[in-house]
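Here is how the chains run, residue by residue.
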Amino acid sequence: MAPRLLLLALVAAAVAVPPASAAVAGIDLKVAVNCHRGRRGNRVLSEVTAGDGAVSQDAGLIDQVTRRPGRDGGLARGSTDQQDKDTGSRQQSSSEGSSLEIIPKQTSAKLLVENPQKENTDGKSKHMALPDTRVRNIKDQLIKAKVYLGLGAIRANPQYPRDLQQRIREVQKVLGDASKDSDLPKNANEKVKALEQTLIKGKQTQDDCSVAVKKLRAMLHSAEEQLHAQKKQTVFLTQLAAKTLPKGLHCLPLRLANEYFSLEPGQQQFPNPEKLANPKLYHYALFSDNILATAVVVNSTVLNAKNPSYHVFHIVTDRLNYAPMRMWFLSNPPKKATIEVQNIDEFTWLNDSYSRVLKQLGSQSMIDYYFRAQRANSDSNLKYRNPKYISMLNHLRFYLPEIYPKLDKMVFLDDDVVVKKDITGLWSIDMKGKVNGAVETCGESFHRFDRYLNFSNPVIVKNFDPHACGWAFGMNVFDLVEWRRQNITKIYHSWQKLNEDRSLWKLGTLPPGLITFWNKTFPLDRSWHVLGLGYNPHVSSRNLEHAAVIHYNGNMKPWLEIGLPKFRSYWSKYLYYDQPFLRECNINP
């Protein structure tokens, strides 16, 4: 005898109710089923069993609630976008739990729910207690009450809606922001009981199940529309927050620049310039306009290095941040490590005639494409509205041999990484003639080439495998000797020329990186580089513990308020917040 709870759970899973409307859908189904039973009274669903015929009848009525009129006059399943389905499936268990109908005077404090996966030896089903059932019950009763307020037969009696609204306000007041049973006040049961008694009166008034079904269907549709609008708003605000410069990070370069220009010329120079071209040392390339992020990368690398004096950091920034960046490291030297800070505008060889990508990034058509949504040829995707996609600093990684002609091997680091261990072992890895050493990211199907490249273009189809494994920028080892021998920069230029109309790929440096280093990338062990701390709160603590470098790729950077709190300490521990410039700009942990 299949329990009604299992029936409701299966229906909820089949229709993929969005999380925000799951509670509405759950109470919809219960009201419809109760209406269909014909005033049998409320019962705990986990205790109800019925014959196959009864299940079939209820399933038919439930199907009515979760279907909408189609264009041809028939009924069509309610649908949501693919993102709703993904989120709904992840939160299915909580949606099902909230769909239970509980009457306190008929049940104990803990609701017993049948677990269909296990059975006792005597043939009876095992039960387990759902947490915070009182809060769930109150929320369900409030939704049911709002349904009743919208029914015509209920509104025909002017006194009843007023009484019901009063009971709703009382229950909402006692519920407040409670999320656990322990948060509820002592008078909660009294108020909920009064609401339930009022609902019983309303049920006696409303006998027309078809009217109830129409009302419930309208509520479900409205909830889905609101959910969709809220998701769009969330995406927009997240993208906006990711691109907005916090006040402290705006203040910091101003204070540093003012201090830098007050120094004597001799005080503006870094020590140990002779180490900058020594190929026997450990050299890092770091291109950024973010002073704090750069400081964390350098500090974390040096503090975890066995011999800091052997490490050399080559930092390139833009004209606006050149003086502040130099001042930061002059006033906060990283132990015995060597620092170089350069201005990208002083690379006179990097001009339009040599670098086609530099010409493209500065073109009006590129600016219109990324930033002017009202133009017909622009892209409406919010993630493209980011200045980094037209910043030459972002593409400078493809010119390492030209910038550092005397070096043989370098480690490239993004400014949103933290180094947790000594990584000098990267220089001793035999890359077997490959140019780029990187961690592959194809543990999931969506990190393969077809995610980044346009395989509807015949040029891409002819040259690449859509199922080839992608890899990550952020922590890469580059063999500059092999780079020069295989003329990698020329390959990069040729593909950029083919992509002038953005028909091969749209944005960023990873797609051209995958193309340029095709069959020239050596896969590193995954522990060298763990990604996802800027968007995935479920990164394994085990992976973090063993990681040499962790990467905050994604919008939720650790220096922003939207950064994931559970990962922020890995980053903030490498900043000294008692530093005068940070205190003056009110930059705190």
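Above this text is the structure in question.
Notes on the structure in this doc start here.

Criteria and thresholds
Residues numbered from 1 in each chain as written. Predicted model: local features only at pLDDT ≥ 70, side-chain atom pairs only at ≥ 80, totals over all residues. Heavy atoms only, no water. Disulfide = S-S within 2.5 Å. Helix = DSSP H or I, 4+ residues; strand = E, 2+ residues; numbered from the N terminus. Buried < 20%, exposed > 50% of the residue type's maximum accessible area, 1.4 Å probe, protein only. Pairing = 2+ DSSP bridges. Right-handed = clockwise from strand over helix to strand, strands pointing away. Contact = heavy atoms within 4.5 Å.

1. Here's the deal with the state of the cysteines
Step number 1: Applying the stated criterion across every chain yields a total of two disulfides.
Step number 2: Disulfide partner of Cys251: Cys585, at an S-S distance of 2.1 Å. With the S-S bond torsion at -70°, the cross-link from Cys251 to Cys585 turns out left-handed. On the criterion of sequence distance, the pair formed by Cys251 in helix α11 (residues 247-260) and Cys585 in the segment after α25 (580-584) is long-range, its members being 334 residues apart.
Step number 3: Judged by its relative accessible area of 7%, Cys585 falls in the buried class.
Step number 4: A disulfide bridge connects Cys442 with Cys469, and the sulfur atoms are separated by 1.8 Å. Every disulfide takes its handedness from the sign of the S-S torsion; for Cys442 and Cys469 that torsion is -95°, giving left-handed. Residue Cys442 is located in the loop between β10 (436-438) and α18 (449-452), and its partner Cys469 is located in the loop between α19 (458-463) and β11 (475-479); the two are separated by 27 residues in the primary sequence. Accessibility assignment for this pair places Cys442 and Cys469 in one class, buried.

2. Points about the pairing of strand β6 (residues 311-317)
Step number 1: The element β6 is largely enclosed, with a buried count of seven among its seven residues.
Step number 2: Side-chain alternation along β6 places His311, Phe313, Ile315 and Thr317 on one buried face and Val312, His314 and Val316 on a second face that is also buried.
Step number 3: Pairing analysis gives six bridges linking strand β5 (residues 282-287) to β6, with the strands arranged parallel. In the strand pairing of β6, Leu286 is matched with Ile315.
Step number 4: Considered for its hand, the β-α-β crossover made up of β5, helix α12 (residues 291-303) and β6 is right-handed.
Step number 5: Where β6 lies against strand β7 (residues 338-343), six bridges are found, and the strand directions are parallel.

3. Remarks on the side chain of Asp414
Step number 1: Inspection of the secondary structure puts Asp414 in the loop between β8 (409-413) and β9 (417-419).
Step number 2: When its relative accessible area of 15% is taken as the criterion, Asp414 is described as buried.
Step number 3: Residues in contact with Asp414, not counting those within four places in the same chain, are Leu286, Val297, Arg397, Phe473, Gly474 and His551.

4. Let's talk about the pairing of β8
Step number 1: Burial analysis of β8 places five of its five residues in the buried class, which makes it a mostly covered element.
Step number 2: Of the two faces of β8, the one holding Lys409, Val411 and Leu413 and the one holding Met410 and Phe412 are both buried throughout.
Step number 3: Here β5 runs beside β8; their pairing, made up of two bridges, is parallel. Bridge pairing links Ala285 to Phe412 in β8.
Step number 4: By the bridge criterion, five bridges tie β8 to β11 in an arrangement that is antiparallel. Of the residues in β11, the one forming a bridge with Phe412 is Asn476.

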